[in-house]
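Secondary and tertiary structure notes
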Amino acid sequence: MTSPRPHDTLQTLYDGELTDGEAAELRASVGDEDRAVLMGLARLSEVVRAGAGAAEEDIAGESDALFGRIHAEIKATPQPRLSVIQGERRARGGAVAFVGLAIAAAVALAFFLRPVDTRIATPEDPEAPAAPAPAEHVLEAPQGTEVVQVDFGQHTGTYFEVPGDRGQPLAVVWIDEGAEALQ
Amino acid sequence: MRARPGGGALVALALGLALAAPAPAAAQNRVRGEVFVVLAKETPGTVDARLEGMAALRRPPFDSFRSMELLQRQPVQLTAGDNRDLQLPNGRTLRIRLQRVMPDGRFRVEVSIKRPTRPDYLPLLQVMASPGDPFFVVGQAHDGGTLVIGIRLTR
């Protein structure tokens, strides 16, 4: 008759933690008392497994009841009304935004593409505009007419100004034909 | 049929670009005007009613003329750099040339009076003129009087 095995050794056998060789050797050497211990372990395991299944069923039942109550409360609570955005309206909104962008681009182009005379008066280019005067001096263009240059050729002459209907100076070039007029 | 939403935006963009584009230089440097030729005499007579709006012709030294007859009133259209020739009653040619439109809106104008077989009667006159304000060239003897040429340019 063999002496009883320690419970730890039998527990490892029951749990399947021994190698196949160790398990076969141990099974061949267990006595009646060891078999009773192993049967006790099996029965205990069944009891524990049965208890765990009942607990799972209870938890599942309670969970279903909880979600049922939540759904009922959600249905009972007034929900905010949702507005549906039609596809056409969204497209128009996009078009309006694009038109705004286009107008902004056009204004920017108008600013950057405006005609600017960049020539500055120099002795080599007397017709170019003079450098811009400070803003406080640019009130309005001079009124009237004025002689810039005159070549009388073979004649003599003079130029002067007479006042116009608004008092503005008006240029007069008077040519003296002299003897030629008598011919 | 529904219009594409982006169509209006493209039209707006094209319109904006058209407005933003600088005006053609030719359009900026093209002006209208008129040339009037008056036969002024010191002998008593009448002043043409069409000259009543020309206040300068009633002031010295024009007031020494006691009669004025409007011989020509010729509308002109000038483009910068191009010559415009007008035949005067005495057979001479009045040449007008718009040099340029100044940044302040005034016109820089060249005028000359040419004779067919002789040196130019008036080789060169350069005037700076505000829109609507005339200038005068006086002195050619014609038909017992003196020609007064007025030139006025506008936009």
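Conventions used here
Residues numbered from 1 in each chain as written. Chains lettered and ligands numbered in written order. Predicted model: local features only at pLDDT ≥ 70, side-chain atom pairs only at ≥ 80, totals over all residues. Heavy atoms only, no water. Helix = DSSP H or I, 4+ residues; strand = E, 2+ residues; numbered from the N terminus. Buried < 20%, exposed > 50% of the residue type's maximum accessible area, 1.4 Å probe, protein only. Contact = heavy atoms within 4.5 Å. Areas by Shrake-Rupley, 256 points an atom, 1.4 Å probe, with all protein chains shown as cover. Pairing = 2+ DSSP bridges. Axes fitted to C-alpha atoms, helices over the stretch in contact; angles between N-to-C directions. Salt bridge = Lys/Arg side-chain N within 4 Å of Asp/Glu carboxyl O. Phe/Tyr/Trp six-rings, centres within 6.5 Å; stacked < 30°, edge-to-face > 60°. Lys NZ or Arg CZ within 6 Å of the ring centre and 35° of its normal. Core = buried A, V, L, I, M, F, W, Y, C linked by side-chain atoms within 4.5 Å. pLDDT = per-residue confidence, 0-100. Arc of directions from axis to C-beta.

When helices and strands are tallied, chain A shows five helices and three strands. Reading the helices (α) and strands (β) of chain A from amino to carboxyl end gives α-α-α-α-β-β-β-α. Burial analysis of chain A (183 residues in total) assigns 18% to the buried set. Considering only contacts within chain A whose residues lie at least 6 apart along the sequence, 36% involve residues at least 24 apart. Working note: accessible area of chain A is about 14,000 Å², and carbon and sulfur atoms make up 59% of it.

A word on the sheet that holds strand 4 (residues 93-101) of chain B. Within the open sheet, the five strands sit side by side as 1(A)-6(B)-5(B)-4(B)-3(B). Their pairing is antiparallel. Looking at the sheet topology across the chains shown, the edges are occupied by strand 1 (145-151) of chain A together with strand 3 (83-87) of chain B. Here the strands of the sheet are splayed against their neighbours by 20° on average, with no regard to which way each runs. Pairing analysis gives six bridges linking strand 1 of chain A to strand 6 (residues 122-129) of chain B, with the strands arranged antiparallel. Its bridge partner lying in strand 6 of chain B, Val150 of chain A is registered against Leu125 of chain B.

Side-chain pairing between opposite charges can occur once the charged atoms of the two side chains come close. If you walk through the whole model with that rule in mind, you get 11 salt bridges over all chains. Ionic pairing is found between Asp133 of chain B and Arg166 of chain A, a salt bridge with its closest N-O pair at 3.2 Å. Taken together, the residues Asp133 of chain B in the loop between strand 6 and strand 7 (134-142) and Arg166 of chain A in the loop between strand 2 (156-163) and strand 3 (169-176) connect one chain to another. Relative accessible area serves as the criterion here: at 1%, Asp133 of chain B is assigned to the buried category.

By the definition in use, this model includes five aromatic pairs over all chains. The ring of Tyr121 of chain B carries Arg92 of chain B above its face, with NZ or CZ at 4.4 Å from the centroid.

Once that is clear, we can look at the nonpolar core. Counting 32 residues, the largest nonpolar core has Val35, Leu94, Leu125, Ile149 and Ile151 of chain B as the members making the most contacts within it. Among residues more than four places away in sequence, those in contact with Leu125 of chain B are Val147, Gln149, Val150 and Val173 of chain A together with Val109, Glu110, Val111, Phe135 and Val137 of chain B.

Moving on, we come to the confidence of the model for chain A. Across chain A, the average pLDDT comes to 74, with 61% of residues at or above 70. Counting interchain partners and residues more than four positions distant, the pLDDT-below-50 stretch residues 87-91 of chain A has three contacts.

What follows is about helix 2 (residues 20-29) of chain A. All names here are of chain A. Along helix 2, the positions that sit buried rather than exposed are Ala23, Leu26 and Ser29. Around the axis of helix 2, the buried residues are gathered within 135° of arc, so they sit on the same side. Opposite its buried face, helix 2 presents the exposed residues Asp20, Glu25, Arg27 and Ala28, each directed more than 90 degrees away. Tucked into the core, helix 2 has its buried residues touching helix 1 (7-15).

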